[in-house]
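Results of the structural survey
Take a look at the letters that make up each chain.
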Amino acid sequence: QVQLVESGGGLVQAGGSLRLSCAASGRTFSSYAMGWFRQAPGKEREFVASITRYGGNTYYVDSVKGRFTISRDNAKSTVYLQMNTLKPEDTAVYYCAARQSIDERPWYAVKDYDYWGQGTQVTVSS
């Protein structure tokens with residue numbers, strides 16, 4: 001089992017940047033594929049980005065491609081989401097998620113992930 005704690009959210013103006021972090025407990029972080037999701041008020045939770053166990057492959061929803069970057073540091077058991085050129089429509093609670101994985105396949109759906117953090121609020125003002 002793994003526990004996830006997100007940090008780094010906040011209020012930023014449109015065009016600004018934030019970096020989210022997600023620290024995981026346990027000693028087997030490298031056995032987990034990691035993902036970031038977000039949920040805006042009144043909307044379903046949606047996929048943002050994911051990264052495979054050793055960081056060899058990354059995947060993004062089209063709306064954030066070229067602006068967001070997911071990365072991980074297995075030595076620190078931490079996954080990051082660098083968010084640049086933020087837009088008001090990026091406003092949401094951002095969640096970190098994990099699932100055990102034995103290969104490099106991507107995971108996009110909420111149901112694919114077994115462990116979730118508590119979320120961190122990102123608000124982008126226009």
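Refer to the structure printed above.
Residues numbered from 1 in each chain as written. Predicted model: local features only at pLDDT ≥ 70, side-chain atom pairs only at ≥ 80, totals over all residues. Heavy atoms only, no water.

1. So, the side chain of Arg 67
For clarity, the threshold we go by: Numbered from the N terminus, helices here are DSSP runs of H or I no shorter than four residues, and strands are runs of E no shorter than two. Exposure categories follow from relative accessible area, calculated using a 1.4 Å probe and restricted to protein chains: below 20% of the type maximum is buried, above 50% is exposed, and the middle band is partly exposed. Under the rule applied, a polar contact is a pair of N or O atoms within 3.5 Å (in protein, one hydrogen donor and one hydrogen acceptor; residues adjacent in sequence only if both atoms are side-chain atoms). Working rule for contacts: check all heavy atoms of both residues, and any pair within 4.5 Å makes them a contact.
Structurally, Arg 67 is set in the loop between strand E6 (58-60) and strand E7 (68-73). Classification of Arg 67 by relative accessible area gives buried; the value is 9%. A polar atom in the side chain of Arg 67 sits 2.8 Å from the side chain of Asp 90. Leave out the neighbours within four places in its chain, and Arg 67 touches Gln 82, Met 83, Asn 84, Thr 85, Leu 86, Lys 87 and Asp 90.

2. Observations concerning the nonpolar core
Short version of the rule: Working definition of a nonpolar core: buried Ala, Val, Leu, Ile, Met, Phe, Trp, Tyr and Cys residues. They are joined through side-chain atoms within 4.5 Å.
Core analysis: the largest hydrophobic core is formed by 28 residues, its most contacted members being Met 34, Trp 36, Val 79, Leu 81, Met 83 and Tyr 94. When residues of this core are traced back to their parent elements, those giving at least two are strand E3 (18-24), strand E4 (32-39), strand E5 (46-51), E7, strand E8 (78-83), strand E9 (92-100) and strand E11 (120-125). Formed by seven residues, the second largest nonpolar core is a distinct cluster that contains Ala 33, Phe 37, Phe 47 and Ala 97.

3. Focus: the environment of Asp 62
Among the structural elements, Asp 62 can be located in the loop between E6 and E7. Among the polar contacts listed, one links the side chain of Asp 62 to the side chain of Lys 65, at a separation of 3.0 Å.

4. Details of the sheet that holds strand E1 (residues 4-7)
Picture the strands of a sheet paired through backbone hydrogen bonds; they go either parallel or antiparallel. Basically, it comes down to this: One requirement defines pairing of two strands: DSSP has to find at least two bridges between them. Fitting a line to C-alpha atoms yields each axis, with helices limited to the stretch in contact; the angle taken between N-to-C directions then spans 0 to 180 degrees.
With antiparallel pairing, the four strands of this open sheet are ordered in space as E1-E3-E8-E7. Here the strands that pair on one side only, and so sit at the sheet edges, are E1 and E7. Geometrically, the sheet is characterised by an average inter-axis angle of 15 degrees between neighbouring strands, direction not taken into account. The sheet contact formed by E1 and E3 spans four bridges and is antiparallel. Opposite Val 5, over in E3, you have Ala 23 as the bridge partner.

5. With respect to the packing of aromatic side chains
So the rule is basically this: Pairing of aromatic side chains requires ring centres within 6.5 Å, counting the rings of Phe and Tyr and the six-membered ring of Trp. Pairs whose planes differ by under 30 degrees are stacked, by over 60 edge-to-face, and all others tilted. Criterion for a charge above a ring: Lys NZ or Arg CZ within 6 Å of the ring centre, and within 35 degrees of the ring normal.
For the coordinates displayed, the defined rule picks out seven aromatic pairs. Look at Phe 37 and Phe 47: their rings are 5.8 Å apart centre to centre, the planes differ by 75 degrees, and that puts the pair in the edge-to-face class. Residue Phe 37 is located in strand E4, and its partner Phe 47 is located in strand E5; the two are separated by 10 residues in the primary sequence. Phe 47 matches Phe 37 in its accessibility class, with the two residues each being buried. Just above the ring of Tyr 95 sits the side chain of Arg 45; from NZ or CZ to the centre is 3.7 Å. The ring of Trp 116 carries the charged tip of Arg 45 above its face, separated from the ring centre by 4.9 Å.

6. Comments concerning the state of the cysteines
Test applied: Cysteine sulfur atoms that come within 2.5 Å of each other are treated as a disulfide pair.
A full pass over the atoms with the stated rule returns one disulfide. Disulfide pairing places Cys 22 opposite Cys 96 at an S-S distance of 2.1 Å. Classification of the bridge connecting Cys 22 and Cys 96 rests on its S-S torsion, roughly -75 degrees, and on that basis the disulfide is left-handed. Taken together, the residues Cys 22 in strand E3 and Cys 96 in strand E9 connect sequence positions 74 residues apart.

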